[in-house]
Structures are given as structure tokens and as C-alpha cells.
Amino acid sequence: MPIKHRLLTIATALGGVGLFSTAAYAAGTGYTTTTSPVPSGTPGGYTQVVTAQTVLPNATTSTTISVTVDNSPTQIVVPPGAFSTPVQVIVTAPVLSQVTTGVASLGYSGYTAMAGLGVNVVTSSGQAYQGSFLKPIGVTVDNAQIGSSDKVVEWNAQGTFSTISPVSLSAGKASWTFQHDPAFAVLAPKTSVVPSATSPVTGKPFLEEALVGLTLMGAGSLVLFRTRRQRRSS
């Protein structure tokens, strides 16, 4: 084979490897993946790539992806053996205000999206990973506004909306597992304040009763004084 052809073949091979291994670098510059964890039109979009990391099938330890998504520190833990082929786990961010608007018509009109993320798993060819993962992947989201009464919801690759269960919820933290490309949102109940509400009154209105009592006592004393005076004059 001519040297020119050999160099071209090597360059093409290296270019393919480089494309797959440097996606995380591209993600930091606003790179938008050609695939998405959810269909177009899903509330929040979930198209802005935050980071990406390669996961190999022969890994012997868990791969932990630590990233901040929409101001919420997030950890994604991929156990060894979760995939049978090299993949990239791409983390995307939603527009939370759009998620809040979108869930209003899905039974959560009294909730606000406090956090969210999309997880897009792609193969070395850039195609979406097909089927469920071989092992569940864990995710933990930290946000001071997360509470025990919150809900975690998802849109799957077909755009189907559902509520996740079970979920571990505590003050400032939400954790759960999943086995397919999803887009997640953590929903918190909206707090309401009644404008016309007044401060509660404790105790009884003793001052008013005391004034009435003093008035009656004064009137009684006046009557008694006049009666005695009439008796003395007679």
C-alpha cells in the first residue's frame, strides 16, 4: 500500500477515536448532541450538554460523574457491567421554567421544577444506546430547596411522562436509580400566602369585659349612694 494511503487510513482511524473521546471537551463549549434523551417538544428541552464521560464495558469499579446542572450539584454513578459496549454518558440541562409550565397540564399545576437533568447514552457510532441498561444507574441531586414532600418525574425516550418510585427524599437531597435514557425533574410544591390573613388572636378579650364591669360597678355605687342619702334626709 502506498505510504500516502497508509497515512490517510491512520488519520481517519485516529479522527474517529478522537471524536468519541473528546465529546466531554466539546460539551464545555456549548456542544449540542445530535441525539436527545427525549423527543423534540418535551417541556424544558433537555438539549444543552453539560458534560460527557466515556464508560467502558470492562471497568472494574463504578464510574462517577460529578457535575452541576442548573445550579444543583449532581452525581451519576454507573456500576461496572452496566453496558456491554463502550458508551458515552451525556448529561444535559433543561430550562426549568419551561418544565414548570409543562407539568401544569400533567397533574402537577401546584409544583415548581427545582432541579432537572437529562441522561443520554450513546455508542461509539453516535447512536442512542438501545434497550435497558444491564444494571441500574444511580443519581443524586443536591439542592437546598428539595424537601421530603417533593416529587421526581421523568420523560422517557418515547416522551412518556411518569412519576418515579421509589425515590429517596430528604432535606436538600433526592436520590433514585434508572435503566434507560430519561429526562428528570424534581418538583417541589408551591408555597402559598393568603394576602388577607391576619395574625391569630390568643386568649380572651378581658380588657373589654373589665371596662364593662367597672362601668356597672360605678353605676351600682352611684345608686347605693343616692339611696342612703334619701334615707338620711327622710
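Note that the structure is a prediction, hence the values are computed from the model and not measured.

Asks: Help me understand the overall build of the protein chain in this model?
Replies: A tally of helices and strands in the protein chain yields four helices and eleven strands. Counting all 234 residues of the protein chain, 34% fall into the buried class. Considering only contacts in the protein chain between residues 6 or more positions apart, those separated by 24 or more positions represent 74%. Accessible area for the protein chain stands at about 14100 Å²; split by element, carbon and sulfur atoms hold 58% of it.

Asks: Help me out: how do you make sense of the pattern of salt bridges in this one?
Replies: Pairs can form between side chains of opposite charge whenever their charged atoms are close. All chains considered together, the criterion is met by one salt bridge. Notably, a salt bridge pairs Asp142 with Lys173, separated by 3.9 Å at the nearest N-O pair. Note that Asp142 is positioned in strand β6 (residues 137-142) and Lys173 in strand β10 (residues 173-178), a separation of 31 residues in sequence. Given a relative accessible area of 30%, Asp142 falls into the partly exposed group. A residue is classified by how much of its surface remains accessible, and Lys173, at 38% relative accessible area, is partly exposed.

Asks: Looking at this structure, how should I read the packing of aromatic side chains?
Replies: Centre-to-centre distance and the angle between the planes together describe a pair of aromatic rings. The full count for this structure, using the stated rule, is ten aromatic pairs. Three or more aromatic residues joined by ring pairs form one cluster here, namely Phe83, Tyr129, Phe133, Trp176, Phe178 and Phe184.

Asks: Is there a simple way to explain the pairing of β10 in this structure?
Replies: Both faces of the sheet carry side chains from a regular strand, because those side chains alternate between them. Pairing between β6 and β10: six bridges, direction antiparallel. Considered in β10, the bridge of Thr140 is made with Ser175. Examined bridge by bridge, strand β9 (residues 168-170) and β10 share three bridges and lie antiparallel to one another. Each residue of the ladder has a partner; that of Ser170, found in β10, is Lys173. Taken together, β9 and the strand that follows it, β10, pair antiparallel across an intervening segment of two residues, in which Gly172 is found at a positive phi of about 85 degrees.

Asks: Would you mind going over the sheet that holds β9 with me for this structure?
Replies: Sheet strands line up and pair through hydrogen bonds in the backbone, either parallel or antiparallel. Here five strands make up an open sheet; going across it, the order is β2-β3-β6-β10-β9 and the pairing antiparallel. Of all the strands in the sheet, just β2 (63-69) and β9 have a single pairing partner and so form its edges. Adjacent strand axes in the sheet meet at a mean angle of 15 degrees when their direction is disregarded. Bridge count between β2 and strand β3 (residues 72-78): seven bridges; the pairing is antiparallel. Looking across to β3, one finds that Thr63 is bridged to Val78.

Asks: Whenever I open this one, the environment of Trp176 confuses me. Can you help?
Replies: Locating Trp176 in the fold gives a position in strand β10. What makes Trp176 buried here is its relative accessible area of 4%. Taking C-alpha positions, Trp176 is 8.1 Å from Ile164, a pair spaced twelve residues apart along the chain. When neighbours within four sequence positions are excluded, Trp176 is seen to be in contact with Leu117, Ile137, Gly138, Val139, Val141, Val152, Ile164, Pro166, Val167, Phe184 and Val186.

Asks: Honestly, the sheet that holds strand β4 (residues 87-93) in this entry has me stumped. Any pointers?
Replies: Reading across the sheet, the six strands line up as β1-β4-β5-β11-β7-β8 and stay open at both edges, with antiparallel pairing between neighbours. The open sheet terminates on both sides in strands that have one partner only, identified here as β1 (48-55) and β8 (161-163). On average, each strand axis in the sheet is tilted by 20 degrees relative to the strand beside it, whichever way the strands run. In this structure, β4 lies alongside strand β5 (residues 111-123), joined through six bridges in antiparallel fashion.

Parameters and conventions
- Residues numbered from 1 in each chain as written.
- Predicted model: local features only at pLDDT ≥ 70, side-chain atom pairs only at ≥ 80, totals over all residues.
- Heavy atoms only, no water.
- Helix = DSSP H or I, 4+ residues; strand = E, 2+ residues; numbered from the N terminus.
- Buried < 20%, exposed > 50% of the residue type's maximum accessible area, 1.4 Å probe, protein only.
- Contact = heavy atoms within 4.5 Å.
- Areas by Shrake-Rupley, 256 points an atom, 1.4 Å probe, with all protein chains shown as cover.
- Salt bridge = Lys/Arg side-chain N within 4 Å of Asp/Glu carboxyl O.
- Phe/Tyr/Trp six-rings, centres within 6.5 Å; stacked < 30°, edge-to-face > 60°.
- Pairing = 2+ DSSP bridges.
- Axes fitted to C-alpha atoms, helices over the stretch in contact; angles between N-to-C directions.

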